[in-house]
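Structural overview for review
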Amino acid sequence: GSWTILQLVEALGFCLENTDPRTRGRGIQLLSQVLLECHSLLQEKEVLHLVLFYENRLQDHHLLIPSVLQGLRALSLCEVLAPGLAVSVLKAIFQEVHVQSLLQQDRYTVYSIITNFMATREEGEGTDARTTLGLLGLGERLAFSCSERSVALLGESWEGLWGPFVEELFEVTSCYFPIDFTPPPNDPHGIQREDLILSLRAVLASTPQFAEFLLPLLIEKMDSDLQSAKLDSLQTLTACCAIYGQKELQEFLPSLWSSLRREVFQTASEKVEAECLSALHALSACLSRSVLSSDAEDRLDSFLSSILQDCRHHLCEPDMKLVWPSAKLLQAAASASLRSYHRLTHSILPLLLEQYNKHSQSSQRRTILEMLLGFLELQQKWGHVEEDESALLSLQETVCSVVFSALTDPSVQLQLVGIRALTVLGSLQGFLSPSDLELVVDHLVRLALHEEDSQSSEAAMEAAGSLAPVYPKVFSGRMVPRLGEELQSGRTDSLAKGLISGIGRCLQALAAVSTHTSIVRETVPVLLQHLRNVQKGNTAEVVSVCQSLHRVALQCQQDAEGCWYYHQTVVPCLLAMAVQASSHPLVSKVLLEEEVLTAMVPVISAATTHLSPELAAQSVSHVVPLFLDGEVSFLPQNSFPCSFQPFEVCGIMVVVIPQQERLLRELLALSCSCSCPFTATTASKCFAGLVNKHPAGQQLDEILQLAVNRMEPGLTEGPHRTQALILLLWVTKALVLRYHPLSSHLTDKLLGLLSDVELGPIAADGFSLLMAESPDVLHKGCHADVRIMFRQRFFTDNVPKLVEGFHGAGADVKANYLKSLSHVLNHLPKPVLVTELPTLLSLLLEALSCSDRVVQLSTLSCLQPLLLEAPQIMSLHIDTLVTKFLSLASSPAMVCALLSAPHTLLLCPTVVVLQLLPYKARVIRALAKPLDDKKRLVRKEAVAARGEWFLVGSPGR
């Protein structure tokens, strides 16, 4: 801002006018560097004079050309460039400089100038034939490797320029098709083959004017033996169809169809087949959207006729050899537009239905029904069935008959396809009649409850869940009562095998169908009544009911009305039953068992987390007094024989509820002094969840200080040391997640407990709790305060302390430090783990010798990514690694864990072959023993590992 560009030029006058070309070059170089930094500050008049100066310098000595081009590149970025100057610069470059003889960096500068002009100048402003030919002369492969955007813009911008030069432009770009480029090692530009392919494709598919030259080239390359050429050609054809019309395609349609058909019928490559189908879809879509004149031929109709002629007869062949390729081609064309769908289905659907009834084998019927299903799904894509056009509606009775027959076939695989077809038919508005819908429900109930194979049963339940929102009245009026009757009768289907009884299937079906609010209002009372009836029974049945209720809760979460109904119906009922079981001496205590209470937690959580703030506050106004004061008046059937005192009863589950000081104090007392470990742990979780979300301030500080004062004496001595440690772990996690300052103090407490003989192992396992995702509390789903990268921060702050503690610990507690370290490392993101592990490698190798199996397994999990991604580091410790791995593989207790996934790679060579060769024979001999292991998985992984070692040192390895 202190000098003008004119003053700079005057100051450089001695250099710019010097007779020595090197001195002139240095002057121009400095001027160009200044312009690159401050081009945005130049005035229009200054730019004009600079352009004229630089154009004149293009005639100077060849040593000056690179610096001159840099100056022109700076000027090409100026927004105040006067009209006509861009063309003037290009003319000067093409006239005075032989671009293709320049160094690569200087050619790149020229392409950058062109790119800048195209991005900022009006289309084709003042460009004449000479400039156009000059641009065409730049067509070379470095236009892609250095500046692919400049070539792409040749086709996108200035399209009006090309007129008589279309073929020339096509020639200078298409000669590189298909791209055959492998980036050199350590390429500083980072250009990949895919980048060049996409850039060239953008040029070739930029204008319909290339069609007459490009389509024959694509057809030729489709017939190539190179798969890469086939794929590139097919993808380019698909891209071109987005801008082509019927006029561009009509001459080449027969050849294109012939090539596509041959590839689909003959290729063994799924990639080629998929691209062929995509190209066929694009061709049909292009023809479908072409606007026709009144006397023009409909090329779509003739094109689809060719497809039908070549594919239809394959659907009727007895060996069904080309059935699937033909069906895929037909479906690809039919999916392009509603017009093409109607044209093909009028011919294909009757044929498929005829073939289904003609064949009697289940496998053949399944194949035909799967093809029919493909066309049905296309109808689903186009939406409402039009009576006057749809072939499907005219075949309604036959289609339903075929699908219903598949549902009663003994073949499970045919049943599964039939269920999928039934789901699609049900989604087509107006297709199924009322009597058909009743039959649909009957079939689904039969399959869900009485079908022997669990696959059919589960598929039927899923189908019921998909169709229930479409026909809520039918399912609530016909399916739910039938399921309720089955449940009430308690009848168990003798065909149902394994762990799922008839009642269990009823419960699952009731949950699966609860996908609409009106149906939820019918199913929830049935489930709750069954829960009341079975609470005196076995634990497994009660857990099954809770699992079904949980599924219903999850399905209600996105519907405000259904969510609130579920919450106000289910939550009070569950609380009432639990309160009654805890306070009534004659009531069964099944609901107080740990397994049942654990199953009830997600039900209440799922019913609560998606409530609006207003409804949540209304719910809390009832629930909080229940736990603080034993207020049971809002509970259904609240005739309890004695007062309910929840914090004096160790069998009752504590529910996560909002922050209140009194509640926190009660939870704190319960977590430290209760003799029931389950209740104490649950109270600790609840306390931690509330602390995590508690606003910062004096009240939180007081609560935390109170917690510390309760925990520290409890950890030192007394009968509740374990409970105090559990509370410490959960409170630490709550504070670590939110970056609370006290978290460091509490973490240090845990580190100190690692040297405690009694609590050390529990504290070591607690580091997994600190780092892992908690399934019930302290996760984002329950609105916990979770800061990003808390694991990385915990690692940075505490791993050095763990390492220091390990080195200073006695032999009897060293395993605790190793276990803690492995838990922390196992939960780090892999990129961070690979970066940090080398510094801890010696410690991890020592951990492999630890007698604790958990430590060994955790350490193996830590080492796996390092083996795969940093073999050069592992090669420094190859002798130690092989020795320790073979020692573990010979241990009966460890062989399965070591050889089974994901640890199988630990025995596979991932480092330099020359370093592995000395160990080859030894490893192969050692791995022979697991080949005779009684477990199939161990034998399988041992074979894989041993096979890899046999190949060490072989050619190509």
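A few points on the structure.

Cut-off values and rules
- Residues numbered from 1 in each chain as written.
- Predicted model: local features only at pLDDT ≥ 70, side-chain atom pairs only at ≥ 80, totals over all residues.
- Heavy atoms only, no water.
- Helix = DSSP H or I, 4+ residues; strand = E, 2+ residues; numbered from the N terminus.
- Buried < 20%, exposed > 50% of the residue type's maximum accessible area, 1.4 Å probe, protein only.
- Contact = heavy atoms within 4.5 Å.
- Areas by Shrake-Rupley, 256 points an atom, 1.4 Å probe, with all protein chains shown as cover.
- Axes fitted to C-alpha atoms, helices over the stretch in contact; angles between N-to-C directions.
- Parallel < 35°, antiparallel > 145°, perpendicular 65-115°, else oblique.
- Nonpolar A, V, L, I, M, F, W, Y, C, P; charged D, E, K, R; others polar.
- Phe/Tyr/Trp six-rings, centres within 6.5 Å; stacked < 30°, edge-to-face > 60°.
- Lys NZ or Arg CZ within 6 Å of the ring centre and 35° of its normal.
- Core = buried A, V, L, I, M, F, W, Y, C linked by side-chain atoms within 4.5 Å.
- Salt bridge = Lys/Arg side-chain N within 4 Å of Asp/Glu carboxyl O.
- Lys, Arg positive; Asp, Glu negative; His and termini not counted.
- Expected span 1.5 Å × (residues − 1).
- Polar contact = N/O pair within 3.5 Å; in protein donor to acceptor, adjacent residues only side chain to side chain.

What to know about the overall build of the chain
A tally of helices and strands in the chain yields 49 helices and 0 strands. Relative to its full complement of 957 residues, the chain shows a buried share of 53%. Excluding contacts between residues fewer than 6 apart, the proportion of contacts in the chain whose partners are at least 24 apart in sequence is 71%. As displayed, the chain offers around 42800 Å² of accessible surface, 53% of which is attributable to carbon and sulfur atoms.

Description of the packing of helix α19 (residues 323-334) against helix α21 (residues 362-382)
Put simply, α19 and α21 touch, their axes get as near as 11 Å, and they point 5° apart. One finds that α19 runs roughly parallel with respect to α21. Of the residues in α21, those in contact with V323, W324, A327, L330, Q331 and A334 of α19 are T367, E370, M371, G374, F375, L378 and W382. In the contact of α19 with α21, the residues fall into 9 nonpolar, 3 polar and 1 charged.

Focus: the packing of aromatic side chains
Enumeration according to the criterion identifies 2 aromatic pairs in this entry. Sitting above the plane of the Y739 ring, R793 keeps its charged end 4.2 Å from the centroid. Sitting over the face of the ring of F806, K814 holds its NZ or CZ atom 4.1 Å from the ring centroid.

Quick word on the nonpolar core
By size, the foremost hydrophobic cluster in this structure holds 167 residues, and its most contacted members are F475, L549 and Y566. Counting residues per element, this core draws most heavily on helix α31 (residues 560-583), at 12 residues. Apart from the residues lying within four places of it in its own chain, the contact partners of Y566 are V524, L549, H550, V552, A553, C556, V571, V603 and A607. V624, L668, A683 and L881 belong to the second largest nonpolar core, which has 79 residues in total.

A short note on the pattern of salt bridges
Under the defined criterion, the tally for this structure stands at 22 salt bridges. We note a salt bridge from D60 to R24, for which the minimum N-O separation is 2.9 Å. One end of the pair, D60, is in the loop between α4 (44-57) and α5 (65-76); the other, R24, is in helix α3 (residues 21-38), with 36 residues separating them in the sequence. Of the two residues examined, D60 and R24, each falls in the buried class.

Some points on the environment of W949
The topology assignment puts W949 in helix α49 (residues 936-950). For W949 and L916, which are 33 residues apart along the polypeptide, the C-alpha to C-alpha distance reads 8.9 Å.

Quick word on unusual backbone geometry
The phi dihedral of L778 falls on the positive side, at around 60°, and the residue is not glycine. Tracing the chain through its elements places L778 in the loop between α39 (760-771) and α40 (790-808). On the accessibility criterion, L778 (4% relative accessible area) is buried.

Overview of the side chain of K733
By the element assignment, K733 lies in helix α37 (residues 721-737). One buried charged residue, K733, remains without a salt bridge, the closest side chain of opposite sign being E773 at 6.8 Å. The residues touching K733, leaving out its near neighbours within four places in the chain, are L769, L770, A772, S774 and L778.

Points about helix α17 (residues 270-288)
It helps to recall that an α-helix has 3.6 residues per turn; residues three or four apart then point in one direction. Its 19 residues place the ends of α17 27 Å apart at the C-alpha level, agreeing with the 27 Å of an ideal helix rising 1.5 Å per residue. Sitting at the amino-terminal end of α17 is S269, which places a side-chain oxygen 3.3 Å from the backbone nitrogen of K271.

Description of the side chain of T732
You can see T732 is positioned in helix α37. Classification of T732 as buried rests on a relative accessible area of 0%. In this view, T732 contacts S743, L746, T747, L750 and L770; residues no more than four positions away in its chain are not counted.

Limitation: the analysis is restricted to geometry and does not speak to function.
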